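Below are the chains, spelled out letter by letter.
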Amino acid sequence: MMKPHHLLTLLASVLLLAGCGRKEQAETEAATPAPTVEDAPSPEGRAIAITGNDQMKFSVTEIRVKPGETLSVTLSNIGTMPKFSMGHNWVLLTADADVSAFVNAVAGAPTTEYIPDSHQDKVIVATKLLGPKEADTVTFQAPTEPGRYVFLCSFPGHFQVGMKGEMIVE
Ligand code: ZN
């Protein structure tokens, strides 16, 4: 039986080797056909790609999921305006969140990427606030309770222009 710290050292070596081998592995994979999604169930779950733009719109405004389904939501900011005036994030709120109260509080939270501390408990998950050409992925379990969950961009004013949608758990 190995002592825990020996195991950790071994693990670190394996990870180091894996890191070194990555480039060659990628070249080998390029020669073989890419596996289909069905062939490769991923621990990251179902991938959902959403873009946000300078017109303050999400490309996806409705997401239907199964209760507890593992999801990987990627938000990409495809706009060109600077982050300080046109940043975007993707924030999923709890079913019991007071959306109006949340939206009214965001302007007071510039230091926490417009996620107000006072409403943090109403946030299921949120991406980083993204500037132009940036992207961020969040992996999480969908709520287990069927219902409609509001998602939005919490940059001040964007919700009001329509940068919002719903996750429907059914
Ligand atoms: Zn936005």
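These numbers come from a predicted model, not from an experiment.

What counts, and where the lines are drawn
- Residues numbered from 1 in each chain as written.
- Predicted model: local features only at pLDDT ≥ 70, side-chain atom pairs only at ≥ 80, totals over all residues.
- Heavy atoms only, no water.
- Pairing = 2+ DSSP bridges.
- Helix = DSSP H or I, 4+ residues; strand = E, 2+ residues; numbered from the N terminus.
- Axes fitted to C-alpha atoms, helices over the stretch in contact; angles between N-to-C directions.
- Phe/Tyr/Trp six-rings, centres within 6.5 Å; stacked < 30°, edge-to-face > 60°.
- Donors = N, O, S within 2.8 Å, 3.2 Å for Na, K, Ca; no water.
- Tetrahedral: all angles 85-135°; square planar, octahedral: opposite > 155°, others 65-115°.
- Core = buried A, V, L, I, M, F, W, Y, C linked by side-chain atoms within 4.5 Å.
- Buried < 20%, exposed > 50% of the residue type's maximum accessible area, 1.4 Å probe, protein only.
- Contact = heavy atoms within 4.5 Å.
- Salt bridge = Lys/Arg side-chain N within 4 Å of Asp/Glu carboxyl O.

1. Let's talk about the sheet that holds strand 1 (residues 46-52)
- Read across the open sheet, the three strands follow the order 1-3-6; overall the sheet is mixed. Each edge of the open sheet is held by one strand with a lone partner, namely strand 1 and strand 6 (135-141). Across the sheet, the mean angle from the axis of one strand to that of its neighbour is 20 degrees, orientation sign disregarded.

2. Things to note about the sheet that holds strand 8 (residues 164-169)
- If you walk across this open sheet you meet the five strands as 2-8-7-4-5, and the pairing is mixed. Only two strands of the sheet have a single partner each, and these edge strands are strand 2 (62-65) and strand 5 (123-126). The average angle at which neighbouring strand axes cross in this sheet is 20 degrees, direction not considered.
- Strand direction decides the pairing type here: strand 7 (residues 147-152) and strand 8, joined by six bridges, are antiparallel.

3. Some details on the packing of aromatic side chains
- Under the criterion given, the structure shown has four aromatic pairs.
- Within the aromatic cluster, the residues linked to one another by ring pairs are Phe 58, Trp 90, Phe 140 and Phe 151.

4. Considerations on the coordination of the zinc ion
- All of the protein donors around the zinc ion are His 88 (ND1), Cys 153 (SG), His 158 (ND1) and Met 163 (SD); their distances to the metal are 2.0 to 2.5 Å.
- Around the zinc ion sit four donor atoms; with metal-centred angles ranging over 89 to 130 degrees, the donor geometry is tetrahedral.

5. Quick word on the nonpolar core
- By size, the foremost hydrophobic cluster in this structure holds 38 residues, and its most contacted members are Ile 50, Ile 63, Trp 90, Phe 140 and Met 167.
- Other than its neighbours up to four places away in sequence, Met 167 contacts Ile 63, Val 65, Leu 71, Trp 90, Leu 92, Phe 140, Pro 143, Gly 147, Arg 148, Tyr 149 and Phe 151.

6. Concerning the pattern of salt bridges
- Applying the stated rule across the entire model yields five salt bridges.
- Note that Arg 64 and Glu 170 form a salt bridge whose closest N and O atoms lie 3.0 Å from each other. One end of the pair, Arg 64, is in strand 2; the other, Glu 170, is in the segment after strand 8, and 106 residues separate them in sequence.
- Three or more residues are tied together by salt bridges with common partners; here these are Glu 62, Arg 64 and Glu 170.

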